[in-house]
Amino acid sequence: MNYDAFADMLARSILGLSIKRQVPLAELTTFQIGGPAEIVVEPKTQAEIVSTVKACLQENVCYRIIGLGSDILASDAGVDEVVIRLAENYAHINKTDLPTPLRSLKDTHQAVYVEAGASNELVADTLCGWGLAGYEFACGIPGTIGGAAIMNAGAYDGEFSNVAYKVRCIDANGHVVEVDREHADWSYRHSMMDEAGFVVLGAYLVLATDEQAAITARMQDLQRKRAEKQPLEMPSAGSTFKRPKGYFAGKLIQDAGLRGFQVGGAQVSQKHTGFVVNAQGATAKDVCDLIEQVQIRVYESAGVWLEPEVRMWGFEEKE
Ligand SMILES: Cc1cc2nc3c(=O)[nH]c(=O)nc-3n(C[C@H](O)[C@H](O)[C@H](O)COP(=O)(O)OP(=O)(O)OC[C@H]3O[C@@H](n4cnc5c(N)ncnc54)[C@H](O)[C@@H]3O)c2cc1C
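The structure displayed is predicted, hence computed values, not measured ones.

**Q** It is not clear to me how unusual backbone geometry should be interpreted in this structure. Could you clarify?
**A** Trans peptide bonds make up most of the peptide bonds, and negative phi angles are found at most residues other than glycine. Positive phi values are uncommon outside glycine, yet N60 reaches one of about 60°. Its location among the elements puts N60 in the loop between α2 (46-58) and β3 (63-66). Given a relative accessible area of 71%, N60 falls into the exposed group.

Below you can see the structure in the form of structure tokens.
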């Protein structure tokens, strides 16, 4: 693929689009690991996103979406693809009408439309400022609305699907479509949009009105719990493994005697064994080797095979 020519074509056809070449994914992921992406574009409008996706489809160029990169392990070799970054440049939050079936709730509820790049923290803070409750659970999840919609992010008994009633997407053919909650098929870290390779453009949420002070207190409580338990001071991608049915990954790892276990610069967190952290200049290979060791040791001790929750980028092609 001639990426110089493709970048030139994008620049000519989508005036003002931010286009960068050879961007280290270590700079775009919370793990701070990963080689370069050939092209990173940062659209600011829905029209720019749609045009970028259509250009990729027309030219047969593979693309991926990145939000805040808080659930990605990128390979040391990087990705030979276009990465479309939907983050702070595409992050408006607006009040909107309640959907018709919910109009009777208008005295106690409010709908909002949030662009995919808005961070969960920004959304939770903004909704709190408007006296709208329901998104507190996500205030400490360091990703975007797009990332939350794709994997039904959840924490502390809350999950994205509890408050979302519709998402706007680009389907695999480049068409803008709206997917209602019945068709989104949200379950634990799963959505139809993820399976079908959709780009999430934004989400419609329905929130209940509440006292701002009460919402703030709940958010502060959750932030405190998170800071107590999680190694927020170290680069990571959050929980490395999915929760196996009937178990907690962290407990299985701890029981296998792996607290602090290290491969190169990658380490099972001393503070929370469910997290692999980049303790000291870890490479993607260090993390992969560590993950494999943990899987084997936990399987030997408990008979449970842990599946990674973190998304692996660039391994199929180059490693
Ligand atoms: C310290 C820490 C704590 C965490 N705690 C939690 C937690 O409590 N609960 C939880 O669920 N997760 C948690 N996570 C993981 C992560 O924050 C979430 O999975 C989050 O939803 C990822 O959002 P993102 O924008 O960073 O997505 P990225 O990491 O950028 O992307 C993740 C995946 O989503 C896709 N994607 C992102 N945006 C879009 C879009 N607009 N359209 C289509 N696909 C898209 C990407 O292609 C990729 O496959 C934690 C992570 C860290 C580092």
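**Q** Is there a simple way to think about the site of the ligand in this case?
**A** Surveying the vicinity of the ligand reveals 36 residues, the closest of which are I65, G67, S70, T144 and G154. Between the ligand and T144, the relevant distance is 2.7 Å, taken from an oxygen atom to a side-chain nitrogen or oxygen of the residue. One of the side-chain nitrogen or oxygen atoms of R311 is found 3.3 Å away from an oxygen atom of the ligand. Contact with the protein chains removes 93% of the 970 Å² of surface that the ligand exposes when unbound. Of all elements in the fold, only β3, α4 (145-151), β9 (154-155), β13 (199-209), β14 (236-239) and β18 (311-313) reach the threshold of two or more residues within the shell around the ligand.

**Q** Sorry if this is basic, but what is going on with α2 here?
**A** With 13 residues, α2 extends 18 Å between its outermost C-alpha atoms, agreeing within 8% with the 18 Å of an ideal straight helix rising 1.5 Å per residue. Immediately beyond the C-terminal end of α2, within one or two residues, lies N60, with a positive phi of roughly 60°.

**Q** I'm lost on the side chain of Q230 in this one. Help?
**A** Here Q230 lies in the loop between α7 (212-229) and β14. Here Q230 falls in the buried class, since its relative accessible area comes to 14%. If we ignore the near neighbours within four places in the chain, the residues touching Q230 are K271, H272 and F275.

**Q** Hey, could you run me through the domain arrangement of the chain in this one?
**A** Buried accessible area, meaning the area lost when the parts come together, often serves as the stated size of an interface. Examined at the domain level, the chain breaks down into domain 1 (3-85), domain 2 (93-227) and domain 3 (231-318). Put simply, the middle of domain 1 and the middle of domain 3, counted by C-alpha atoms, are 27 Å apart. On the domain 3 side, the residues contacting the 21 residues of domain 1 number 23 residues. Interface area for domain 1 against domain 3, summed over the two sides, is near 1,800 Å², with a carbon-plus-sulfur share of 61%. Sorting the residues of domain 1 by area buried against domain 3 places F31, D71 and L73 first, and these three jointly supply 39% of that buried surface. Inspection of the region where domain 1 meets domain 3 yields 0 salt bridges. Where domain 1 meets domain 3, there are 10 residue pairs in polar contact (both at pLDDT 80 or more). Elements that contribute at least two residues to the side of domain 1 that touches domain 3 include exactly β3, β4 (72-74) and β5 (79-85).

**Q** Where do I start with the packing of aromatic side chains in this structure?
**A** One pass over the full model with this rule turns up 5 aromatic pairs. Seen from their ring centres, Y135 and F137 are 5.3 Å apart, and the 65° between their planes marks the pair as edge-to-face. Both residues of the pair, Y135 and F137, belong to the buried class. An angle of 70° between the planes, with centres 6.1 Å apart, marks the rings of Y299 and W305 as edge-to-face. Residue class for Y299 comes out partly exposed when judged on its relative accessible area of 46%. Taken together, the aromatic side chains of Y113, Y165 and Y204 make up a single cluster linked through ring pairs. Across the ring face of W130, the terminal group of K95 is positioned such that the distance to the ring centre comes to 5.0 Å. In this structure, K166 is placed above the aromatic ring of Y204, and the distance from its NZ or CZ to the ring centre is 4.7 Å.

Scoring rules and cut-offs
- Residues numbered from 1 in each chain as written.
- Predicted model: local features only at pLDDT ≥ 70, side-chain atom pairs only at ≥ 80, totals over all residues.
- Heavy atoms only, no water.
- Helix = DSSP H or I, 4+ residues; strand = E, 2+ residues; numbered from the N terminus.
- Buried < 20%, exposed > 50% of the residue type's maximum accessible area, 1.4 Å probe, protein only.
- Near = heavy atom within 4 Å.
- Polar contact = N/O pair within 3.5 Å; in protein donor to acceptor, adjacent residues only side chain to side chain.
- Areas by Shrake-Rupley, 256 points an atom, 1.4 Å probe, with all protein chains shown as cover.
- Expected span 1.5 Å × (residues − 1).
- Contact = heavy atoms within 4.5 Å.
- Domains from an automatic or database assignment.
- Buried area = accessible area lost by both parts, 1.4 Å probe.
- Salt bridge = Lys/Arg side-chain N within 4 Å of Asp/Glu carboxyl O.
- Phe/Tyr/Trp six-rings, centres within 6.5 Å; stacked < 30°, edge-to-face > 60°.
- Lys NZ or Arg CZ within 6 Å of the ring centre and 35° of its normal.

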